[in-house]
Amino acid sequence: MEIQDDTETLRKLFDQVNPGMGEVESIHKAELDAEHALALMANPKMALKSMGIPVSDASQVNITMKNRANRDAGSVMDAATMTATRAAQLRRIIVIIIHYSNCDADIIIIATR
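Residues numbered from 1 in each chain as written. Predicted model: local features only at pLDDT ≥ 70, side-chain atom pairs only at ≥ 80, totals over all residues. Heavy atoms only, no water.

## Description of the environment of Ala30
Mapped onto the elements, Ala30 comes out in strand 1 (residues 24-33). A C-alpha to C-alpha distance of 5.1 Å links Ala30 and Val95, two positions 65 residues apart in sequence. Setting aside residues no more than four positions away along its own chain, Ala30 makes contact with Ile93, Ile94 and Val95. (Helix = DSSP H or I, 4+ residues; strand = E, 2+ residues; numbered from the N terminus. Contact = heavy atoms within 4.5 Å.)

## Some points on the side chain of His99
Tracing the chain through its elements places His99 in strand 3 (residues 92-100). Taking the relative accessible area as the measure of exposure, His99 reaches 3% and is therefore buried. Setting aside its immediate chain neighbours within four residues, His99 contacts Glu23, Val24, Glu25, Ser26, Ile53, Pro54, Asp104 and Ala105. (Buried < 20%, exposed > 50% of the residue type's maximum accessible area, 1.4 Å probe, protein only.)

## Some thoughts on the side chain of Ser26
For Ser26, the position within the fold is in strand 1. Separated by 2.8 Å, the side chains of Ser26 and His28 make a polar contact. Residues contacting Ser26, with those up to four places away along its chain left out, are Thr7, Arg11, Ile97, Ile98 and His99. (Polar contact = N/O pair within 3.5 Å; in protein donor to acceptor, adjacent residues only side chain to side chain.)

In structure tokens, the structure reads:
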């Protein structure tokens, strides 16, 4: 798997399109075991600090959790059974962190099987 950091490419593009709006400081990616998602959501600033990303008490950290796109054909089962089955199948999470120059951050957690 190839991981690319396109921060500079996008920064240059947006500086050309809208000068002075270069707010993205860095983008980070990590893969964790699924059980770490709750710990990350409970204390995201601690996680950011451990990665060397500057945050302050005033920093706003937004967290979004998404399921990875799934191409499995939907089988006939009720919603509760389907949710329980999917939760049991979660193996890893992909975490993408977008850090802004004002020390705010967006954390996107993508659940995978």
